[in-house]
Amino acid sequence: MTGRPLIGVSTYLEAGARWGVWELEAALLPAGYPRLVQRAGGLAAMLPPDAPEHAAATVARLDGLVIAGGPDVEPVRYGAEPDPRTGRPARVRDAWELALIDAALAAGVPLLGICRGMQLLNVALGGTLVQHVDGHAEVPGVFGRHPVKPVPGTLYAGTVPEEASVPTFHHQAVDRLGAGLVASAYAADGTVEAVELPAGHGWVLGVQWHPEMGEDPRVMRALVAAASGS
């Protein structure tokens, strides 16, 4: 491939977004995501929610895909009753992003799931989630930090071989791993912090933290490198 690979990043619709004199529904994405893609050497394309049947055609135009963080996955997607602490469902976004994940896996397009994106990857492959964990979202609206430790021999460990402090904000986590997935990093309390498909199944990685809120571009650089075929 010549030039910078095209990396699609999922976005979400938000009612009542405000800028200037306007208050309208908007397709939103925190600026940290496209900035991190650009820093890592890719071209960022924002992907607003669309009908799931258009996911395969969308992914076919991309070199890599990022499923961004956001609200809780609806528990019905993994056969569970909602916990009282689980947030309101985002059904349109769930359907669209699950379709994007399925399309990327089918086409072998490099895929990175971030926070909710990692959880959706797990659910897409038949896994389940813990609907509430303490200690990973201390102050509403404020990212915390904690260390994550890589599992030797994994894709993630090859990208970030040392224990690293990462920006984090989540109250749900992976429970039962989806088919084929392996855990590739853990927090000190045993929470799964990264999942991936083994070698031979394409470049597929999910991280529970928010690399777009930190200074370490290595995870995104690895996605961009995979997307460029290098």
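Figured I'd write up the structure that's included with this text. (Residues numbered from 1 in each chain as written. Predicted model: local features only at pLDDT ≥ 70, side-chain atom pairs only at ≥ 80, totals over all residues. Heavy atoms only, no water.)

## Some points on the overall build of the chain
Looking only at helices and strands, one finds six helices and 13 strands in the chain. Considering only C-alpha atoms, the chain reaches an extent of 50 × 45 × 35 Å along its principal axes. Out of the 230 residues belonging to the chain, those deemed buried represent 50%. Counting only contacts in the chain whose residues sit at least 6 apart along the sequence, the fraction spanning at least 24 positions is 67%. Carbon and sulfur atoms make up 56% of the accessible area of the chain, which amounts to about 10,700 Å² in all. (Helix = DSSP H or I, 4+ residues; strand = E, 2+ residues; numbered from the N terminus. Buried < 20%, exposed > 50% of the residue type's maximum accessible area, 1.4 Å probe, protein only. Contact = heavy atoms within 4.5 Å. Areas by Shrake-Rupley, 256 points an atom, 1.4 Å probe, with all protein chains shown as cover.)

## Re helix α6 (residues 218-227)
Listed as buried for α6 are Val219, Met220, Ala222, Leu223, Val224 and Ala227. Those residues of α6 that are buried lie in contact with β1 (6-10), α1 (32-39), β5 (64-67), β6 (111-114), α5 (155-159) and β13 (204-207). Residue Gly229 follows α6 closely and has a positive phi angle near 80 degrees.

Any functional reading would require information beyond the geometric quantities listed.
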